[in-house]
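Architecture and fold: a report
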Amino acid sequence: MYKQRHVVIKNLFDPTHVDPTDLTFYSQLAADLRSECAKLGELETLRVFENSPQGVAVVKFKGWLGADRCIRLMHNRYFDQRQLTAKYYDGKTNYVVEESLEAREARDRAFQAWLEGEEHHREDSNAKEEAQLEEPATKQAESESTK
């Protein structure tokens, strides 16, 4: 008999409270969820549906027992002061939500600022390296002039 292996976990996050400039929020949430679910059974896939108004993630286990354990553990559990629901996937619902233009622009600005910060960091590092290379030569020239 075939048993369901897909679990839908809702209320993991509130997209209205996710900072669009936090480029690691969803990947960190997925890593945390993966860590918890891996204790219950071998995972096949895990996906956090970004921008989902219901805060949805879907976990697919390699076997039905992991999915059953996940529902038993996660349903009605509290995570970040929100009560989760965990149920088997109905096989029909599409949880994909397209990113709004405003959210995309905010994310692009955050990424650009991050890139510029990396560039400034590289410039600072290069200036320090050049100063360190020049310092021994300067000291040597000073010691030769005092002789």
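Residues numbered from 1 in each chain as written. Predicted model: local features only at pLDDT ≥ 70, side-chain atom pairs only at ≥ 80, totals over all residues. Heavy atoms only, no water.

With respect to the overall build of the protein
Tallying secondary structure elements over the protein gives 3 helices and 6 strands in all. In the protein, the order of α-helices and β-strands from amino to carboxyl end is β-α-β-β-α-β-β-β-α. The buried share of the protein, taken over its 147 residues, is 25%. Residue pairs at least 24 apart in sequence account for 65% of intrachain contacts in the protein once pairs closer than 6 positions are excluded. Split by element, the accessible area of the protein, about 10500 Å² in all, is 50% carbon and sulfur. (Helix = DSSP H or I, 4+ residues; strand = E, 2+ residues; numbered from the N terminus. Buried < 20%, exposed > 50% of the residue type's maximum accessible area, 1.4 Å probe, protein only. Contact = heavy atoms within 4.5 Å. Areas by Shrake-Rupley, 256 points an atom, 1.4 Å probe, with all protein chains shown as cover.)

Structural notes on the layout of surface pockets
A volume near 320 Å³ is recorded for the largest pocket. If you go around the largest pocket, you meet 17 residues; those closest to its centre are Val18, Pro20, Tyr26, Asn51 and Glu99. With 3 residues, helix H1 (residues 25-37) is the largest single contributor of residues to the lining of the largest pocket. When the residues that make up the lining of the largest pocket are grouped by side-chain class, the tally is 7 nonpolar, 4 polar and 6 charged. (1 Å grid on protein atoms, 1.4 Å probe; cavity = no way out; pocket = protein on both sides within 12 Å on 5 of 7 lines; lining within 4 Å. Points joined across faces, edges and corners; volume = space filled by probe spheres on them. Nonpolar A, V, L, I, M, F, W, Y, C, P; charged D, E, K, R; others polar.)

Here's the deal with the environment of Glu98
For Glu98, the position within the fold is in the loop between strand S6 (85-88) and helix H3 (101-145). Between the alpha carbons of Glu98 and Phe49 there is a distance of 9.8 Å; along the sequence they are 49 residues apart.

Quick look at the sheet that holds strand S3 (residues 57-61)
On the basis of which strands lie adjacent, the open sheet formed by 4 strands has the order S2-S3-S1-S6 and antiparallel pairing. Each edge of the sheet is formed by a strand with only one pairing partner; in this case those strands are strand S2 (43-48) and S6. Adjacent strand axes in the sheet meet at a mean angle of 15 degrees, parallel and antiparallel pairs treated alike. Bridging between strand S1 (residues 6-10) and S6 involves 4 bridges; their strand directions are antiparallel. Within S6, the position partnered with Ile9 by the bridge is Ala86. Its contacts with the sheet put helix H2 (residues 64-74) on S1, S3 and S6, and the angle it makes with S6 is roughly 155 degrees. (Pairing = 2+ DSSP bridges. Axes fitted to C-alpha atoms, helices over the stretch in contact; angles between N-to-C directions.)

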